[in-house]
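Residue-level structural notes
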Amino acid sequence: MGKNGVVVGGLFCLIASMSWGAMFPVAEGAFQRIDPIYFSFFRYLIGSLLLAVILLMKEGKSAFRLEGKGKSLVFFGSMAFTVYNLLVFLGQSSLPGTGTIIASLMEAMMPMISVLVFWIYKHKTPNRFTMISMLVSFAGALLVITKGDLHFLLMAKSSLLPVGVIFAGVVGWVIYTMGGNHFSTWSALRYSTLSCLFGTIVSLIVVSAATALGFLSFPALSTILSVKYELAFMVLLPGIAALLCWNAGIKLLTPLNGILFINFVPLTTLAILVFQGYHITMVEVMGTFLVIAALLFNNLSQRRSQQKKSVKLVKAIT
C-alpha cells in the first residue's frame, strides 16, 4: 500500500472516530426534547432505508439475497441496531452530564471489551500485557464514573444501573463486529445494510410492544421536528458516513493500525463538551487518558507479537 493509501485510510478512520465522538453530545441535546428510545429508533430506521438504496445502486438486487444466513443476520443485527443502539443512549440519558463522557469512553474501550468477550466465548486467556491493559482501561473508566470518589459505588446505586446498561449496549456492538467473520465473502456494505435492516425490524417490534404496554409514548410530530437537525446529523455522519468510512479505512490500514483512531472518540467528546461549557474535572481527564494509554500500549504489544511471529516464519522458510 502506497503513501496515498495510508493518508486516505487515516482520513477515513479519523472522520469515523470524530463522528462517533460528536454523536454523544449531539444526542444529549436531543434527549431534552424526545425520548432516547424513539430518537435511537428513528435514527436507524432512516439509516437502514438509505443504506438499502446505496446497496441496491452499488450491488444490485442480488445483494439482498440471504443465502441461508437470515438467522445470523437477525442475531447480529439485533446486537448492534437493537441492543447497542437502544441501550447506549438509554443509559446515557439516565446520567445527565456524565453520561455523555461515560458512553464515549465505553465506545473507546471496545477493543478491550472485545478481548473480554473473546476470552469468555472462546476460553482463550489473553496474554499478561493485554490483561494489564484491560485492568488499566477499566480503572480509567471507573475514575470517570465515580469522579475519583469510590464511595460513589455504594451511595449512588441508581447511577450504576445506567452504566451497566451502556456497557451491555457496547458489548452488543462488539458481538456484532465479531459477527462480520461469518460474512467474509460479503462486502462490508452488504453486511452492514442487511444486518441494519433486520436489527431495525427487531427494534420496531421492541418499541411497538413497549408503546402498546404503556412504557413508551409515541412522540408528537412537533417533537420529532424539533430534533430534525440532530436526527439528520446522527443518520448521515455517525450512522452512514462513519460506518462506511470506518470499514473502508480499516481495509486500507488493517485493523491493527485503524483501531488506534478509536482514541479520537473520547477526545472529540471532551472537546465538544468544553466548547459547550461543561466543567471537566481533572479526574475525568485522567481517567480518559488512562483508557487511551491502555489501548495504545496494548496495540504496541500486539505489534511486537506480530513482528516476532513474522521473524519466526521467515526463519522457518529460510
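Small disclaimer: the values here were computed from a predicted structure and weren't measured. (Residues numbered from 1 in each chain as written. Predicted model: local features only at pLDDT ≥ 70, side-chain atom pairs only at ≥ 80, totals over all residues. Heavy atoms only, no water.)

1. Section: the overall build of the protein
Our working definition: Here a strand is any run of E in DSSP of at least two residues, a helix any run of H or I of at least four, and the numbering for each starts at the N terminus. Note on exposure labels: buried denotes an accessible area under 20% of the residue type's maximum, exposed denotes more than 50%, and partly exposed covers the range between, all computed with a 1.4 Å probe on protein chains only. By the convention used here, residues are in contact when the closest approach between their heavy atoms is within 4.5 Å. What sets the accessible areas is the Shrake-Rupley method with a 1.4 Å probe; for residues, cover comes only from the shown protein chains.
When helices and strands are tallied, the protein shows 14 helices and 0 strands. Residues classed as buried in the protein amount to 46% of the 318 residues present. In the protein, once contacts between residues fewer than 6 apart in sequence are set aside, the share between residues at least 24 apart is 85%. A total of about 16,000 Å² of accessible surface is found on the protein, and carbon and sulfur atoms cover 71% of it.

2. Some remarks on the packing of aromatic side chains
To keep it simple, the criterion reads: Under the pairing criterion, centres of Phe, Tyr and Trp rings, with the six-membered ring standing for Trp, must be within 6.5 Å; the plane angle then separates stacked pairs below 30 degrees from edge-to-face pairs above 60, leaving the rest tilted.
For the structure on display, the rule yields 17 aromatic pairs. Here the aromatic rings of Phe42 and Phe218 are separated by 6.1 Å at their centres, their planes lie at 80 degrees, and the arrangement is edge-to-face. One end of the pair, Phe42, is in helix H2 (residues 36-59); the other, Phe218, is in the loop between helix H9 (188-212) and helix H10 (221-226), with 176 residues separating them in the sequence. We classify Phe42 as buried; its relative accessible area is 11%. Seen in terms of ring centroids, Tyr84 and Trp173 are 5.1 Å apart; in terms of plane orientation they differ by 55 degrees. Their pairing is tilted. Of this pair, Tyr84 sits in helix H3 (residues 70-93) while Trp173 is found in helix H8 (residues 157-179), placing the two residues 89 residues apart along the sequence. For Tyr84, a relative accessible area of 2% gives the class buried.

3. Topic: unusual backbone geometry
In this model, Glu67 sits at a positive phi of 55 degrees, which is unusual for a non-glycine residue. Relative to the helices and strands, Glu67 resides in the loop between H2 and H3.

4. What to know about helix H5 (residues 110-122)
Selection rule: Here the expected span of a helix is defined as 1.5 Å times the quantity of residues minus one.
Between its first and last C-alpha atoms H5 spans 17 Å; for 13 residues at 1.5 Å apiece the expected length is 18 Å, and the two agree. Within the sequence span of H5, burial applies to Met110, Pro111, Met112, Ile113, Val115 and Val117. Directly after H5, the chain includes His123, whose backbone phi takes a positive value near 60 degrees.

5. As for the pattern of salt bridges
Heads up, the condition is: Between Lys or Arg on one side and Asp or Glu on the other, a salt bridge is scored when a side-chain nitrogen of the former is within 4 Å of a carboxyl oxygen of the latter.
Summed over the entire model, instances satisfying the criterion amount to 2 salt bridges. With a closest N to O distance of 2.4 Å, Glu230 and Arg33 form a salt bridge. One end of the pair, Glu230, is in helix H11 (residues 228-253); the other, Arg33, is in the loop between helix H1 (3-30) and H2, and 197 residues separate them in sequence. Its relative accessible area of 16% is what places Glu230 among the buried residues.

6. Some remarks on the confidence of the model for the protein
Applicable threshold: pLDDT runs from 0 to 100 and stands for how confident the predictor is about each residue.
Averaged over all residues, the pLDDT of the protein is 83; the fraction at 70 or higher stands at 89%. Predicted confidence is poor over residues 313-318, with pLDDT under 50, and the contacts of this stretch with residues over four places away or in other chains come to 0 contacts.

7. Thoughts on empty space enclosed by the protein
Quick reminder of the rule: Of the two site types, the cavity is a set of points on a 1 Å grid over the protein atoms alone where a 1.4 Å probe fits but cannot get out, and the pocket is an open set with protein on both sides within 12 Å along at least five of seven lines, each lined by residues with an atom within 4 Å of a point. Grid points are joined across faces, edges and corners, and a volume is the space filled by probe spheres set on the points. Gly is placed with the polar residues, together with every amino acid not listed as nonpolar (Ala, Val, Leu, Ile, Met, Phe, Trp, Tyr, Cys and Pro) or charged (Asp, Glu, Lys and Arg).
Using the criterion set out here, one finds 1 cavity of 30 Å³ or more in the structure. Considering only enclosed or pocket space, the largest cavity measures out at about 60 Å³ in volume. For the largest cavity, the full set of lining residues is Trp20, Met23, Arg43, Tyr44, Tyr84, Glu107, Trp173, Pro238, Gly239 and Leu243. The element best represented in the lining of the largest cavity is H11, accounting for 3 residues. Per-class residue counts for the lining of the largest cavity are 7 nonpolar, 1 polar and 2 charged.

8. Structural notes on a nonpolar patch on the surface
How we decide: Candidate patch residues must exceed 30% relative accessible area and have no salt bridge, after which like charges are joined if within 9 Å and Val, Leu, Ile, Met, Phe, Trp or Tyr side chains if within 5 Å.
A cluster of nonpolar side chains, contributed by Leu45, Ile46, Leu49, Leu50 and Leu236, occupies part of the molecular surface with about 410 Å² of accessible area. The element best represented in the nonpolar patch is H2, accounting for 4 residues. Examined against the element boundaries, Leu49 turns out to sit in helix H2.

9. Digging into the packing of H2 against H11
Each pair of packed helices gets described by two things: the angle between the helix axes and the distance between those axes. The criterion, for reference: Axes here mean lines fitted to C-alpha atoms, for a helix over just the part in contact, with angles spanning 0 to 180 degrees between N-to-C directions. Note that the term roughly parallel is reserved for angles under 35 degrees, roughly antiparallel for angles over 145, roughly perpendicular for angles of 65 to 115, and oblique for everything else. Helix crossings fall into two classes, left-handed where the near helix is turned counterclockwise from the far one by less than a right angle and right-handed where it is turned clockwise.
Remark: H2 packs on H11, axes separated minimally by 9 Å, with the N-to-C direction vectors making an angle of 50 degrees. In terms of orientation, H2 and H11 fall into the oblique class. Crossing geometry of H2 relative to H11 is assigned as right-handed. In this structure, H2 contributes Phe39, Phe42, Arg43, Tyr44, Ile46, Gly47, Leu50, Leu51 and Ile54 to the contact, and H11 contributes Glu230, Leu231, Met234, Val235, Leu236, Pro238, Gly239, Ile240 and Leu243.

10. Some remarks on the layout of surface pockets
Computed from the structure, the second largest pocket encloses a volume of approximately 180 Å³. Contributing to the lining of the second largest pocket are Ile54, Lys58, Glu59, Ser187, Ala188, Leu189, Leu244, Asn247, Ala248 and Lys251. Sort the elements by how many residues they give to the lining of the second largest pocket and H11 lands first, with 4 residues. Considering only residue class, the lining of the second largest pocket consists of 5 nonpolar, 2 polar and 3 charged.

11. Examining the side chain of Ser203
One can find Ser203 in helix H9. Exposure remark for Ser203: the relative accessible area of 1% places this residue in the buried category. The residues contacting Ser203, other than those within four sequence positions of it, are Phe41, Phe81, Thr82 and Leu86.

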